[in-house]
Amino acid sequence: MATKRRYDDGCATAHALDLVGERWALLIVRELLFGPKRFTDLRTGMPGASPNVLSNRLRELEEFGVVQRRKLPPPAAAWVYELTEWGRELEPVIISLGRWGGRSPSLRHDAAISVDSLMLALKTLFDPSRTDGFTADVVLRLGEDSFRVQLSADRIWIMRGDLDHPHAVIETDPVTLNALIWGGRGLPEAIEEGEIKLTGSRERVERFLGLFPLPEPAVVARPTPK
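Residues numbered from 1 in each chain as written. Predicted model: local features only at pLDDT ≥ 70, side-chain atom pairs only at ≥ 80, totals over all residues. Heavy atoms only, no water.

*Asks:* When you look at the overall build of the protein chain in this model, what are you seeing that I'm missing?
*Replies:* Helix and strand counts for the protein chain stand at 10 helices and 7 strands. When the backbone C-alpha atoms are referred to their principal axes, the protein chain occupies close to 65 × 55 × 30 Å. Expressed as a percentage of its 226 residues, the buried residues of the protein chain come to 37%. Here the protein chain has roughly 13600 Å² of accessible surface; of this, 51% comes from carbon and sulfur atoms. (Helix = DSSP H or I, 4+ residues; strand = E, 2+ residues; numbered from the N terminus. Buried < 20%, exposed > 50% of the residue type's maximum accessible area, 1.4 Å probe, protein only. Areas by Shrake-Rupley, 256 points an atom, 1.4 Å probe, with all protein chains shown as cover.)

As structure tokens, this is what we get:
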């Protein structure tokens, strides 16, 4: 592997950037936070990364102990990448970085995001002050991906898979869910036009969709004229 440029700085923050500061590295971590993935699944979540670049980043993250590769047992028998125990400690870092970046006035809210990025956004933007004691178990089915979302009065848990007896099941696509939560799309209109299918409590779904407010944009000072 080609020699990478280093900060050559004793600061632990600089060293962390040596490990995960290359382009696409933290996005690989983002894509693995909800469980292991095959190489092709990672490419789906990061279509802008070429196969060569993605392979290089994965190899580096393996060498640094952030990611590991293993073979699933039969009948799958496929090779997957997953975060190591140390790599999983990056989750609060990525959530904090996303919360900070979400306040950027230049963030494009209409840009495409991966399914895993959308789920991470729910964890990042969940506002416990809006629950008022509300609890719910919701299953999100987004194409081939299913997630179970469990809400308590002050916490949110999101994991891959289904629930046996959810309060509601939402079947839609990431673009529609994004629009319903942050784009001003009305739930009745989306149901009427067949963009979303609901099973269970519609009231709980409406409450659920309102628990993830966007942060206030940061006030960015304009450059001083020269």
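The rest of the description comes next.
*Asks:* Would you mind showing me how to read the environment of leucine 97 here?
*Replies:* In this fold, leucine 97 is placed in helix H6 (residues 91-101). As for leucine 97 and threonine 124, which are separated by 27 residues in sequence, their C-alpha atoms are 9.5 Å apart.

*Asks:* Would you mind showing me how to read unusual backbone geometry here?
*Replies:* Apart from glycine, the bulk of residues carry a negative phi angle, and the bulk of peptide bonds sit in the trans form. A cis amide bond, omega 10°, links proline 74 with the succeeding residue proline 75. Topologically, proline 75 is positioned in the loop between strand E1 (67-71) and strand E2 (79-83). Even without glycine at this site, tryptophan 24 takes up a positive phi of about 80°. Judged by relative accessible area, tryptophan 24 falls into the buried class, the value being 15%. In the Ramachandran plot, aspartate 132 falls in the positive-phi region, its phi being about 50° despite a non-glycine side chain. As for its placement among the helices and strands, aspartate 132 is situated in the loop between helix H7 (115-125) and strand E3 (136-142).

*Asks:* Explain the packing of H7 against helix H8 (residues 174-182) here, please?
*Replies:* Axes are the key here: two packed helices are described by the angle between their axes and the distance separating the axes. Axis separation between H7 and H8 bottoms out at 10 Å; the angle between their running directions is 20°. Considering the angle they form, H7 stands roughly parallel to H8. Of the two elements, H7 crosses H8, and the hand of that crossing is left-handed. Contact residues: H7 offers Val115, Leu118, Met119, Ala121, Leu122 and Leu125, while H8 offers Pro174, Leu177, Ile181 and Trp182. For the contact of H7 with H8, the residue count by class is 10 nonpolar, no polar and no charged. (Axes fitted to C-alpha atoms, helices over the stretch in contact; angles between N-to-C directions. Parallel < 35°, antiparallel > 145°, perpendicular 65-115°, else oblique. Left-handed = near helix turned anticlockwise from the far one by under 90°. Contact = heavy atoms within 4.5 Å. Nonpolar A, V, L, I, M, F, W, Y, C, P; charged D, E, K, R; others polar.)

*Asks:* For this particular structure, what's the right way to read the packing of aromatic side chains?
*Replies:* When we look at a pair of aromatic rings, we describe it by the centre distance and by the angle of the planes. Per the stated rule, a full pass over the model turns up 3 aromatic pairs. With a centroid separation of 6.3 Å and an interplanar angle of 50°, the aromatic rings of phenylalanine 126 and phenylalanine 212 are classed as tilted. One end of the pair, phenylalanine 126, is in the loop between H7 and E3; the other, phenylalanine 212, is in the segment after helix H10 (202-209), and 86 residues separate them in sequence. Owing to a relative accessible area of 1%, phenylalanine 212 belongs among the buried residues under this scheme. Their ring planes at 75° and their centres at 5.3 Å tell us that phenylalanine 208 and phenylalanine 212 sit as a pair that is edge-to-face. Of the two residues, phenylalanine 208 and phenylalanine 212, neither departs from the other in class, the shared state being buried. Linked through ring pairs, Phe126, Phe208 and Phe212 together constitute an aromatic cluster. (Phe/Tyr/Trp six-rings, centres within 6.5 Å; stacked < 30°, edge-to-face > 60°.)

*Asks:* Hey, could you run me through the UniProt feature "domain: HTH hxlR-type" (unreviewed entry) in the protein chain in this one?
*Replies:* The UniProt feature table records "domain: HTH hxlR-type" (unreviewed entry) at residues 11-109. In residues 11-109, the share of helix is 54% and the share of strand is 10%. The end C-alpha atoms are 34 Å apart. (UniProt positions renumbered as here; feature names shortened; annotations may be inferred.)

*Asks:* Explain the sheet that holds strand E5 (residues 156-160) here, please?
*Replies:* Working definition: the strands of a sheet are paired by backbone hydrogen bonds and lie parallel or antiparallel to each other. Across the sheet, 5 strands lie side by side as E5-E4-E3-E6-E7; this open sheet has mixed pairing. Edge positions in the open sheet fall to E5 and strand E7 (197-200), since each of these has one partner strand only. Between one strand axis and the next, the sheet turns through 15° on average, direction left out of account. In terms of strand pairing, E3 meets strand E4 (residues 145-151) through 7 bridges, oriented antiparallel. Note on E4: the bridge partner recorded for valine 138 is valine 149. The sheet contacts of H7 involve E3, E4 and E5, and relative to E5 the element is tilted by about 165°. (Pairing = 2+ DSSP bridges.)

*Asks:* What is the right way to read the nonpolar core from this model?
*Replies:* Note that soluble globular proteins tend to have their nonpolar side chains buried in a common cluster. Residues Val66, Met119, Leu122, Leu140, Leu151, Phe208 and Phe212 are the most contacted members of the largest nonpolar core, which totals 55 residues. In terms of residues, this core owes the most to one element, H7, which gives 7 residues. Residue-level mapping places this core at the junction of two domains, with at least three residues from each of domain 1 (12-103) and domain 2 (115-210). If sequence neighbours within four positions are ignored, leucine 151 has contacts with Phe126, Phe134, Thr135, Ala136, Asp137, Ile156, Phe208 and Leu211. (Core = buried A, V, L, I, M, F, W, Y, C linked by side-chain atoms within 4.5 Å. Domains from an automatic or database assignment.)

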